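# Observations on the three-dimensional arrangement
The lines below spell out each chain.
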Amino acid sequence: MVTTPQDIALLDVRKGAEMFLKVKVPILGVVQNMSVFECPNCGHQTHIFGEDGAKRLSKETDIEVLGDVPLHLSIRETSDSGHPICISAPRSQQANAYRHIAQGVLNKLLMKQGVV
């Protein structure tokens, strides 16, 4: 599931999670999108949409946080140009955020298959 740190987005994810749990749809985890704004010039971080919303949700619902994706100009620019950040800047912090999430998803799937 994907959310932003905002309370209203977290309410929607909580409702969705409750529904999935009722009908026994497995939830691999939650990703917090736009977790922090990173200034492309100086690197200063600002929590425009709030801070640690997915962590609070995780504590309340026992759904693991798979990772955070920052709100960064380079992610938008590279995605819009058709060259996602993981391809165009694979060693960047932004690409690392996506790799971390992908690894978490892979680990969850392997655990469900009994491989890990």
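## Observations concerning the overall build of the chain
Helix and strand content of the chain: five helices and four strands. The N-to-C order of helical and strand elements in the chain reads β-α-β-β-α-β-α-α-α. Seen through its C-alpha atoms, the chain measures out along the principal axes to roughly 45 × 35 × 20 Å. Within the span of the chain, comprising 116 residues, buried residues form 33% of the whole. In the chain, the share of contacts with a sequence separation of at least 24, taken over all contacts with a separation of at least 6, comes to 62%.

## With respect to the nonpolar core
Listed in full, the eight residues of the largest apolar core are L10, V13, A17, I27, V30, A54, L57 and I63. At three residues, helix α1 (residues 7–22) tops the list of elements feeding residues into this core. Residues contacting I63, with those up to four places away along its chain left out, are A17, I27, G29, V30 and S58. I75, I85, A95 and I101 belong to the second-largest nonpolar core, a separate cluster that totals seven residues.

## Description of the state of the cysteines
Inspection of the entire model under this criterion finds zero disulfides. Between C39, a cysteine without a disulfide, and C42, which holds the nearest cysteine sulfur, the sulfur-to-sulfur distance is 3.7 Å.

## Let's talk about a nonpolar patch on the surface
Together, M19, V23 and V25 line one region of the surface with nonpolar side chains, adding up to about 260 Å² of accessible area. Looking at the secondary structure, you find V25 in the loop between α1 and β2 (30–38).

## Let's talk about the confidence of the model for the chain
Any residue range with low pLDDT should be treated as having predicted coordinates unsuitable for detailed reading. Summarising the model, the chain shows a mean pLDDT of 94, and 99% of its residues fall at 70 or more. Looking across the chain, the model is least confident in helix α2 (residues 53–61), with a mean pLDDT of 93, and most confident in helix α4 (residues 85–88), with 97.

## A closer look at the side chain of S58
As for its placement among the helices and strands, S58 is situated in helix α2. Residue classification places S58 among the buried residues on the basis of a relative accessible area of 17%. Apart from residues no more than four positions distant in its own chain, S58 is found in contact with I63, E64 and V65.

Reading the values: the criteria
Residue indices begin from 1 for each chain and proceed along its sequence in written order. Per-residue local features of the predicted model are confined to residues with pLDDT of at least 70, and side-chain atom pairs are confined, for both listing and counting, to 80 or more; whole-chain, interface and lining totals are unaffected and use all residues. Note that water and hydrogens are dropped before the side-chain values are worked out from all heavy atoms of the structure. Here a strand is any run of E in DSSP of at least two residues, a helix any run of H or I of at least four, and the numbering for each starts at the N terminus. Burial classes: relative accessible area under 20% of the type maximum marks a residue as buried, over 50% as exposed, and values in between as partly exposed (1.4 Å probe, protein chains only). Two residues form a contact once any of their heavy atoms are found within 4.5 Å. Nine residue types can take part in a nonpolar core, namely buried Ala, Val, Leu, Ile, Met, Phe, Trp, Tyr and Cys, and a core is a set of them joined through side-chain atoms within 4.5 Å. Two cysteine sulfur atoms make up a disulfide if the distance between them is within 2.5 Å. Candidate patch residues must exceed 30% relative accessible area and have no salt bridge, after which like charges are joined if within 9 Å and Val, Leu, Ile, Met, Phe, Trp or Tyr side chains if within 5 Å. Surface exposure here means Shrake-Rupley accessible area, sampled with a 1.4 Å probe, where a residue is shielded only by the protein chains that are shown. Salt bridges are identified by distance alone: a Lys or Arg side-chain nitrogen within 4 Å of an Asp or Glu carboxyl oxygen. You can read pLDDT as the predictor saying how much it trusts each residue, on a scale of 0 to 100.

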